[in-house]
Amino acid sequence: GASAALLWTNKNKIIAEKNGDSAIYPASTTKILTCIIALEEGHTLLKKEANISSFSIKQDGTLLGISPDNPIILEQLLYGMMLVSGNDAASAVAETVGGEYHRFIQMMNEKAKELGCTGTNFVNAHVLHNDNNYTTAEDLYKMTKYAYDKFPLFKKITSTYEYEMPKNDANPDGYSIYSTISLLRPGSVYEYEY
């Protein structure tokens, strides 16, 4: 069923909720916590070349299209993960920051617990459905508020509509990626100037 929580962020107070503490499948919102861990634990790696493994490029679903043959830095991966929701990018972020994919998942769950997210458990760093990958509307608020309060780069990335990616074999002049969020799309009926 439907699950939602409306909060007054300045007072950290729930104004309204419907099943706000019920388990839901997080889909792409999983990447909020993936980005938090990258910015917190991998901040010294942001300008360094990311680890692109065969595991990362074999992910399903929405992809950024990364390749071991085309170097990309961690910060660029974060844009690819958050703007186009690239599952390959999320996996590469996890391996770059965690050193090992499953260690990164541990880091995600440890951070969720630290933030008071008692209804959350992650088994992957991206989006693909798994019965053991769940969160709640209230926990998603806690994670997102933490990201916005602590990391200016998180706010910058998630407020970006178009981002220029580096040159690669398929795009020798570089190429742009675009956010899937209609609120950011110029000319969209959903565009929100704030």
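Our structure is the block above this text.
Below: a short report on this structure.

The rules behind these values
- Residues numbered from 1 in each chain as written.
- Predicted model: local features only at pLDDT ≥ 70, side-chain atom pairs only at ≥ 80, totals over all residues.
- Heavy atoms only, no water.
- Core = buried A, V, L, I, M, F, W, Y, C linked by side-chain atoms within 4.5 Å.
- Buried < 20%, exposed > 50% of the residue type's maximum accessible area, 1.4 Å probe, protein only.
- Helix = DSSP H or I, 4+ residues; strand = E, 2+ residues; numbered from the N terminus.
- Contact = heavy atoms within 4.5 Å.
- Pairing = 2+ DSSP bridges.
- Axes fitted to C-alpha atoms, helices over the stretch in contact; angles between N-to-C directions.
- Left-handed = near helix turned anticlockwise from the far one by under 90°.
- Nonpolar A, V, L, I, M, F, W, Y, C, P; charged D, E, K, R; others polar.

This paragraph deals with the nonpolar core. If you look at the biggest cluster of nonpolar residues, it comprises 49 residues, and the most contacted ones within it are Leu64, Leu77, Leu78, Met143 and Ile177. Put simply, the parts of the chain that give this core at least two residues each are helix 1 (30–41), helix 3 (74–83), helix 4 (87–98), helix 5 (101–114), helix 6 (137–150), helix 7 (152–158), strand 3 (162–165) and strand 4 (175–178). In contact with Met143, not counting residues within four places along its chain, are Ile32, Leu33, Ile36, Leu115, Cys117, Thr120, Phe122 and Thr135.

In this section: the pairing of strand 3. The two faces of strand 3 differ: Tyr163 and Met165 on one face are buried, but Glu162 and Glu164 on the other face are not. One ladder, built from four bridges, connects strand 3 with strand 4; its direction is antiparallel. Among the inter-strand pairings, Tyr163 is bridged to a residue of strand 4, identified as Ile177.

What follows concerns the packing of helix 1 against helix 6. Angle between the axes and distance between the axes are the two parameters that describe a pair of packed helices. Where helix 1 meets helix 6, the closest approach of the two axes is 10 Å, and the angle between their N-to-C directions is 35°. In terms of crossing hand, the pair formed by helix 1 and helix 6 is left-handed. When helix 1 is examined against helix 6, the residues Ile32, Leu33, Ile36 and Glu40 are found in contact with a partner set consisting of Met143, Thr144, Tyr146, Ala147 and Lys150. Considering only residue class, the contact of helix 1 with helix 6 consists of six nonpolar, one polar and two charged.

Here we come to the environment of Pro26. Tracing the backbone shows Pro26 in the loop between strand 2 (13–18) and helix 1. Every residue in contact with Pro26, bar those within four places of it in the chain, is listed here: Phe122, Asn133, Tyr134 and Thr135.

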